[in-house]
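So you can see what is in the structure, the chains are spelled out below.
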Amino acid sequence: MLEAAMPRIAPLDPPYAPDIATALAKWMPPGAAHDPLVLFRILHRNPELASRMRVLGAGLLAHGRLPVRDREIVIDRTCARAGCEYEWGVHAAAFGETAGLDPEQIRATVSGDGAPWPPKERLLLSAVDELHDSARVSPRTWDALAEHYDEPQLLELLVLAGWYRAISQLINSLEIANEPWAPAFPT
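These numbers were taken from a predicted model, which means no experiment stands behind them.

Parameters at a glance
Within every chain, residues take consecutive numbers counted from 1 along the sequence as written. Residues qualify for local features only when their pLDDT is at least 70, as the model is predicted, and side-chain atom pairs are given and counted only at 80 or more; totals for whole chains, interfaces and linings, by contrast, use all residues. Calculated side-chain values reflect all of the structure's heavy atoms, with hydrogen atoms and water omitted. Helix and strand labels come from DSSP, where a helix needs a run of H or I of at least four residues and a strand needs a run of E of at least two; each type is numbered from the N terminus. Based on C-alpha atoms, the radius of gyration is set beside the globule rule, defined as 2.2 Å times the residue count to the power 0.38. The classification of residues rests on relative accessible area computed with a 1.4 Å probe and restricted to protein chains. Under 20% of the type maximum is buried, over 50% is exposed, and intermediate values are partly exposed. All accessible-area figures derive from a Shrake-Rupley calculation using a 1.4 Å probe, and residue coverage is judged against the displayed protein chains alone. Counting rule for charge: Lys and Arg are taken as positive, Asp and Glu as negative, and neither His nor the chain ends is counted. By convention, the point assigned to a charge is CZ for Arg, NZ for Lys, CD for Glu and CG for Asp. The directions from the helix axis to the C-beta atoms are what the arc is built from. It only takes one pair of heavy atoms within 4.5 Å for two residues to be counted as in contact. For this analysis, a polar contact is any N or O atom pair within 3.5 Å, provided that within protein one partner can donate a hydrogen and the other can accept it, and provided that sequence-adjacent residues contribute only side-chain to side-chain pairs. What makes a nonpolar core is a set of buried Ala, Val, Leu, Ile, Met, Phe, Trp, Tyr and Cys residues whose side-chain atoms join them at distances within 4.5 Å. Stacked, edge-to-face and tilted labels apply to pairs of Phe, Tyr and Trp rings (six-membered ring for Trp) whose centres lie within 6.5 Å, assigned for plane angles under 30 degrees, over 60, and everything in between, in that order. Placement of a charge over a ring requires the Lys NZ or Arg CZ to be within 6 Å of the ring centre, with the centre-to-atom vector within 35 degrees of the ring normal.

*Asks:* Before we go on, may I ask you to explain the overall build of the protein in this structure?
*Replies:* Across its full length, the protein carries 9 helices and 0 strands. Written out in order from the N terminus, the α and β elements of the protein read α-α-α-α-α-α-α-α-α. Whereas a compact globule of 187 residues would reach a radius of gyration of roughly 16 Å, the protein reaches 17 Å, a difference of no more than 12%. Considered along the principal axes of its C-alpha atoms, the protein spans approximately 50 × 40 × 30 Å. Taken across its 187 residues, the protein has 42% of its residues classed as buried. Accessible surface, the protein as shown: approximately 10,100 Å² in total, 57% of it carbon and sulfur. Side-chain charges of the protein comprise 17 positive and 25 negative groups, with the mean position of each set lying 3 Å from the other.

Right, dumping it as structure tokens:
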């Protein structure tokens with residue numbers, strides 16, 4: 001098996017300074033079975049930036065108004081469209097099943113196949129695709145979304161897609177290899 005190439009900025013390795021160990025622990029869910037993600041260990045090369053990023057990222061994941069399933073569809077499709085296998089794989093492994101996504105639906109977040117989705121969830125995929133392609137949601141898609149989501153949820157959906165686009169750009173630019181436990185894009 002070939003060893004993965006190093007990212008452009010090396011992640012911190014243990015043992016961590018006490019303040020970094022505390023900060024990294026906050027990024028991981030309680031009782032996580034994995035070491036802190038390579039992404040988090042790279043971000044802590046700039047602890048001040050990492051702490052500011054954690055507030056938004058954790059807020060979107062743990063305190064959002066969107067249903068968990070909808071959130072994960074948006075995240076997975078955003079990462080897939082941005083070609084970010086790392087973040088897609090982390091979310092597919094860590095949240096896919098608990099969000100109620102079956103294996104066919106997780107694959108479809110990459111392929112764009114609309115078959116395994118009910119209409120509301122196909123709408124989420126369309127919204128993400130429009131944001132990816134044009135940095136805006138069309139009036140038709142917006143009106144359809146507004147039939148299912150209130151204004152705070154609509155704002156969150158836009159920020160969520162934008163946040164994971166930014167995270168995807170960061171990961172892709174740093175050339176971070178997949179976590180060993182996370183799946184690769186389906187072929």
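*Asks:* Explain helix 1 (residues 18–27) here, please?
*Replies:* In an α-helix, one full turn covers 3.6 residues, which means residues spaced three or four apart are oriented alike. Among all positions in helix 1, only Ile 20, Leu 24 and Trp 27 are buried. Down the axis, helix 1 shows its buried residues gathered within 50° of arc, on one side only. Residues of helix 1 that are exposed and point over 90 degrees away from its buried face: Pro 18, Asp 19, Ala 25 and Lys 26. Against helix 2 (38–43) and helix 3 (47–62) lie the buried residues of helix 1.

*Asks:* Would you take a moment to explain the side chain of Arg 69 for this structure?
*Replies:* Summarising the element assignment, Arg 69 is placed in helix 4 (residues 68–81). Side-chain polar atoms of Arg 69 contact the backbone oxygen of Gly 100, separated by 2.4 Å. When sequence neighbours within four positions are dropped, the list of residues in contact with Arg 69 reads Ala 99, Gly 100, Leu 101, Gln 105, Trp 117 and Glu 121.

*Asks:* Help me understand the nonpolar core in this model?
*Replies:* The nonpolar side chains of a soluble globular protein tend to be buried with one another. Counting residues in hydrophobic clusters, the biggest one holds 48 residues, and the most contacted among them are Leu 39, Tyr 86, Leu 145 and Ile 176. Discounting residues that sit within four places of it in the chain, Leu 145 has contacts with Leu 123, Leu 124, Ala 127, Val 137, Leu 154 and Leu 157.

*Asks:* For this particular structure, what's the right way to read the packing of aromatic side chains?
*Replies:* Each pair of aromatic rings is reported with the distance of its centres and the angle of its planes. According to the stated counting rule, one finds 2 aromatic pairs in the structure shown. With centroids separated by 4.4 Å and ring planes inclined at 50°, the aromatic side chains of Trp 27 and Phe 40 adopt a geometry described as tilted. Within this pair, whereas Trp 27 is found in helix 1, its partner Phe 40 is found in helix 2, the two being separated by 13 residues in sequence. Each member of the pair Trp 27 and Phe 40 is classed as buried. Between the NZ or CZ atom of Arg 71 and the centre of the ring of Phe 95, over which it lies, the distance is 5.3 Å.

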